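# Descriptive structure summary
Listed below, chain by chain, are the residues.
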Amino acid sequence: MSATRVGITPIGEPDLAAVGHFLNQNLNARIAPEAWVRSLTHPWCDTRPNFGFQAHDGDRLVGVFCAIYSDQTLDGRRERFCNPHSWCMLDDYRSHSISLALHVLRQRGYHFTMLTPNPKVAEIFIHLGFRTLRDDVVVLPNLPSIKAVVGANVVTSDHDRITSSVPEPVRADFAAHRGIPWLEFLAFGKDNDVCLVVYKRGRWKRMRCARIVDISDGAAFDRHMHLMQHHLLVRHGLLVSRVERRFLLRTPRLAFSEQRKQAKLFSSPTLNEAQIRDLYSELVALDI
């Protein structure tokens, strides 16, 4: 295709329906067009410059690279994130793919995360300066605990009680994600020492599993994880919990380690990998 025939523009709100349909038809038909649109429109930032970028040949949509924007509080500072995902070009227009990606990445003032790239996309973005997040994963057996049934413990999945139990900015993170139906939340610990975990239900080696997406406080998790393990086993029948090692202070005893197969990438001039989270990304905005 001639470069002069392909135009690249920001995705605006009037374009979302067409983008959702394009992704359903050309990237993943299991995700409905409306679900694609919802994934891009969570109010996770004060100002959103776009929803990503799109390529047109005349009136025909031929490619998209979506982006989720968020404002996140890290160590008391407000940080701006851009999470590019769902990079999809029609075959005849693949030569314009890098140009489309660069329109997203040349936006100033953002930390960038790419958390679901396929191997070829990961290779491209590593060449563009992205770094890989560590890929070791810890699988914890959810064991019953006598300590979990004695003492003044906080263990709750009730949304109102979570709101009153966790500190800011954890409360803001919870409020931003509590309406997503495939996410589950558990707050546990002692008064003024409470951890919030966000997880999805899944399977690990045919066992029912809690796939932990986020840990609000690694130190509190380390002190009180027995409360979480007891609750997930006894109340929900989840035999194991699976969590990325980068979220933990240490590898717990009786844990099984494995490697994550899919790469996760980030680009930031100031942040380290321990500050990169799976919240505010396509990993939670889509049911994947």
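Predicted model only: the values in this text are computed from it and were never measured.

Cut-offs applied
- Residues numbered from 1 in each chain as written.
- Predicted model: local features only at pLDDT ≥ 70, side-chain atom pairs only at ≥ 80, totals over all residues.
- Heavy atoms only, no water.
- Phe/Tyr/Trp six-rings, centres within 6.5 Å; stacked < 30°, edge-to-face > 60°.
- Helix = DSSP H or I, 4+ residues; strand = E, 2+ residues; numbered from the N terminus.
- Buried < 20%, exposed > 50% of the residue type's maximum accessible area, 1.4 Å probe, protein only.
- Lys NZ or Arg CZ within 6 Å of the ring centre and 35° of its normal.
- Salt bridge = Lys/Arg side-chain N within 4 Å of Asp/Glu carboxyl O.
- Pairing = 2+ DSSP bridges.

The next point concerns the packing of aromatic side chains. With the rule as written, the count across this model stands at 10 aromatic pairs. Plain terms: the ring middles of phenylalanine 65 and tryptophan 87 are 5.2 Å apart, the flat faces sit at 15° to each other, and that makes the pair stacked. Taken together, the positions of phenylalanine 65 in strand β3 (residues 60-74) and tryptophan 87 in strand β4 (residues 77-89) put the pair 22 residues apart, joining distant regions of the chain. By the burial criterion, phenylalanine 65 is buried, and tryptophan 87 matches it. An angle of 75° between the planes, with centres 6.0 Å apart, marks the rings of phenylalanine 65 and phenylalanine 125 as edge-to-face. Pair noted here: phenylalanine 65 is in strand β3 and phenylalanine 125 is in helix α4 (residues 119-127), with a separation of 60 residues, a long-range link. For phenylalanine 65, a relative accessible area of 0% corresponds to the buried category. Taking the relative accessible area as the measure of exposure, phenylalanine 125 reaches 0% and is therefore buried. Ring pairing ties together the aromatic residues Phe65, Trp87, Phe125 and Phe130, which thus form one cluster. In this structure, arginine 80 packs its charged tip against the face of tyrosine 110, placed 4.3 Å from the ring centre. Above the ring of tryptophan 204, the side-chain terminus of lysine 205 is found at 5.4 Å from the ring centroid.

The next thing to look at is the pattern of salt bridges. Scanning the entire structure with this criterion turns up 16 salt bridges. Arginine 260 serves as the salt-bridge partner of glutamate 244, at 3.3 Å between the closest nitrogen and oxygen. Here glutamate 244 is found in strand β12 (residues 240-244), whereas its partner arginine 260 is found in the loop between β13 (256-259) and β14 (265-267), with 16 residues between them in sequence. Comparing glutamate 244 with arginine 260, the two get one shared label, buried. In this structure, a network of salt bridges that share partners links the residues Glu244, Arg246, Arg260, Lys264 and Asp278.

Turning to the pairing of strand β2 (residues 52-57), a few remarks are in order. A large share of β2 lies buried, amounting to five of its six residues. Both strand β1 (residues 6-10) and β2 contribute to a ladder of five bridges, which runs antiparallel. Its bridge partner being in β2, glycine 7 is matched across the sheet by histidine 56. Both β2 and β3 contribute to a ladder of six bridges, which runs antiparallel.

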